[in-house]
Every structure is written in C-alpha cells, then in structure tokens.
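# Observations on the model geometry
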Amino acid sequence: MLAFIIRRLAQAVIVMLAVALIAFMLFQYVGDPVTNLMGQEATAEQRAQLRADLGLDQSAVVQFARFVGNAVQGEFGLSLRQGRKVSTLITERFPATLELAFVAALIALLFGIPMGVMAALRRGSWLAQLLMGFSLLGVSLPTFLIGILLILLFAVTLNWLPSFGRGELVNLGAWATGLLTIDGWRHLLLPAITLSIFQLTLIMRLVRAEMLEVLRTDYIKFARARGLTDRTVYFGHALKNTLVPVMTITGLQLGGLIAFAIITETVFQWPGMGLLFIQAVQFADIPVMAAYLCLISLIFVTINLVVDLLYFAVDPRLRVDRAVAAH
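Residues numbered from 1 in each chain as written. Predicted model: local features only at pLDDT ≥ 70, side-chain atom pairs only at ≥ 80, totals over all residues. Heavy atoms only, no water.

## Observations regarding the nonpolar core
Formed by 65 residues in total, the largest nonpolar core has its most connected members in L100, M211 and I296. Of the residues forming this core, the biggest block, 16 residues, is contributed by helix α5 (residues 86-121). Dropping the residues within four chain positions of it, I296 is found in contact with I258, A259 and M273. Core analysis: the next-biggest nonpolar cluster, separate from the first, contains 8 residues, I146, L150, I151 and A155 among them. (Core = buried A, V, L, I, M, F, W, Y, C linked by side-chain atoms within 4.5 Å. Buried < 20%, exposed > 50% of the residue type's maximum accessible area, 1.4 Å probe, protein only. Helix = DSSP H or I, 4+ residues; strand = E, 2+ residues; numbered from the N terminus. Contact = heavy atoms within 4.5 Å.)

## Some points on the packing of α5 against helix α12 (residues 273-282)
The packing of two helices is summarised by the inter-axis angle and the distance between the axes. Two elements in contact, α5 and α12, have axes separated by 7 Å at closest approach and are oriented at 130°. By the angle class used here, α5 and α12 are oblique. Facing α5, whose interface residues are L89, I90, R93, F94 and T97, α12 presents M273, G274, L275, L276 and Q279. Per-class residue counts for the contact of α5 with α12 are 6 nonpolar, 3 polar and 1 charged. (Axes fitted to C-alpha atoms, helices over the stretch in contact; angles between N-to-C directions. Parallel < 35°, antiparallel > 145°, perpendicular 65-115°, else oblique. Nonpolar A, V, L, I, M, F, W, Y, C, P; charged D, E, K, R; others polar.)

## Notes on the pattern of salt bridges
Any two side chains of opposite charge can pair if their charged atoms end up close together. Scanning the model with the defined rule gives 4 salt bridges in all. A salt bridge links E75 to K85; the nearest nitrogen and oxygen atoms lie 3.4 Å apart. On the criterion of sequence distance, the pair formed by E75 in the loop between α4 (60-72) and α5 and K85 in the loop between α4 and α5 is long-range, its members being 10 residues apart. Using a relative accessible area of 30% as the deciding quantity, one classes E75 as partly exposed. We classify K85 as partly exposed; its relative accessible area is 39%. R84 is the partner of E92 in a salt bridge, and the nearest nitrogen-oxygen pair spans 2.5 Å. R84 gets classed as partly exposed once you look at its relative accessible area, which sits at 32%. (Salt bridge = Lys/Arg side-chain N within 4 Å of Asp/Glu carboxyl O.)

## Quick word on the environment of L293
With respect to the helices and strands, the residue L293 is situated in helix α13 (residues 286-314). Classification of L293 as partly exposed rests on a relative accessible area of 30%. Along the primary structure L293 and A259 are separated by 34 residues, whereas in three dimensions their C-alpha atoms are 9.2 Å apart. Here L293 is in contact with V19, I22 and A23, once residues within four sequence places are set aside.

## Description of a nonpolar patch on the surface
Side chains of L137, L141, F144, L145, I148, L149, L152, V156 and I263 sit close together on the surface and give an oily, nonpolar patch of about 780 Å² of accessible area. The leading source of residues in the nonpolar patch is helix α7 (residues 143-157), at 6 residues. On the secondary structure map, I263 appears in helix α11 (residues 262-267). (Patch = residues over 30% accessible without salt bridge, like charges linked within 9 Å, V, L, I, M, F, W, Y side chains within 5 Å. Areas by Shrake-Rupley, 256 points an atom, 1.4 Å probe, with all protein chains shown as cover.)

See below:
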C-alpha cells in the first residue's frame, strides 16, 4: 500500500510540474506583462526597471523555478484587469464553484443510480425506454441550451426561480455560503440541475450497463439458486458490485464538474471561478488564467489520487494481483 501511494504521489508531482510549465509559458508567450501593467506611454527606462523588479530579465529556468515556488505558496501575482491579488480573487470565487459542483454531483448520484437500476431491472419496459430516451437527450444537448431552456421555463414562464446571481449569503469566516439560506438554494437549483444533467445521464447509463453485466455472472445465479429474494439479489449483491466502477467515474466527474462549470456559470452569471476565467480570457488576464489552470489541475490530480486509493482499498482483487506479482 505504501509503495502504491508513493508511486501515485510521484506521478501527481510530475503532472503538476507539466501543468506549471504550461501555465508559465502563458506568461512568456501571451502578451507582455510590462506593457499590460504600464501601458504604451512608459519610457524605456521605466520598462527596464519594472522588468528587473519582476525578474523578467533573468533566465527562463530561474523564472520557472520562482514561478513554481510562488505557485506552491498559492501566489500568482496581481490580476492585470482588477489590480488585486489573484489568490484573493480565487479565495472569493472558489466557494461558489465548489458548492455548485457539490450540489450538482449530489443530484446526479441521487437520481442517476436509482434510474440506472430501474432501467436495468425493467429492461424492455416503457419506463426503461423512457429513461434511456432521457439519457440520450441529456448526453446530446449542450449545457448552455439546457440552461437557457430551464431559465425560459422556470424563471421567465413560471417565475418560480431566479435566473442569475447567488442570492443571500451567510459568511462563515472566509467562506461565504448560500446553502444556509432559502434564497441561496433558490438561486442554486437551476445552475446545479443544468450542470448535473450530463453527469446524471452518464451515471445512469453506466449503472444500467454494469448492472446488466453483473446480473449475468455466476455468483448471481448461485444466489438465486440458494433461494434468496429478488430484493436481496438485486440490492445486496448486484448493486454493491456495480457501484465499484461507478465510484471511480463519479470521483473523476467531480473534478470535471468543477472544471467545466464555466459554461453554466456564464449562462447563470454565477460568481464562481468559471466566470472569473471567462472574464480573464476576454481581457488576457494571464495571472488569473495561469492560477485557474494550476488549481483545476491540482483538483483533478487530488481527486484521481483519492479515487485510486479508494479503489485499491475497496476492490480486493487489486491487492491480490499485486501480492501475486510481488511473489
């Protein structure tokens, strides 16, 4: 287990260094930070002085080492658009994105798993056909179109839910949350549902496929031969083994929800990191873009590492295979 953890940590470090190099290249090849900070009217002496103050007159290796050192401390300099520390902007926006992704993942799991089980157990029925048709729509429709349709129905036509913003917030120290207010939940529902649709249909189709595969295995036939009830067979044996690959996909998809919330946050003007990134791209705000890239990569690497460890702990076949290989 220790060797497995060390190997995964080493891989994570290599991935993060590669991402840091890509982020560093943004500073080198996308615009000139001196021009962005001082404008075209600055004299050559002023530009040279600022370049020296920023360390841009040093070699690329030294600059990259300093960039990695600052990134480890969470420092990416000042936003070229807002003139504030990038770390402060990320701290302010991260809670909104994390809450949106968490609620979307919760919706996807709570509805996706039961719908997948139902589609597998009632295979061929009208209900299963309806669920599979819904999953096809969820996979096919683009996120921005789903968001616009939900706004048109629930915000414009029915006037049940607000269509933008985050609503009333409660400050818990440095963390501002809308999960503790009714208005916050009303603002959260539409973007969370929009973000969850694709993940929900993906989980549903995966659970259905895995469930059908598990139901054909020998140990399920043996369980039926022992006279166990359908409820025990389906939920005590089949579903338990179905959830192992689902756990892996769900963990990886949580990182995807955080990373790809950009479109949803733009449609609903949700004040999270995705909206911040879109604004940074529009204004070529390189420090914010680099920080976003590194943070999202760190989230993906961390989630992937945790899922690998859980998968290793849950599935005994991996431990047996490694033990056999060691001997």
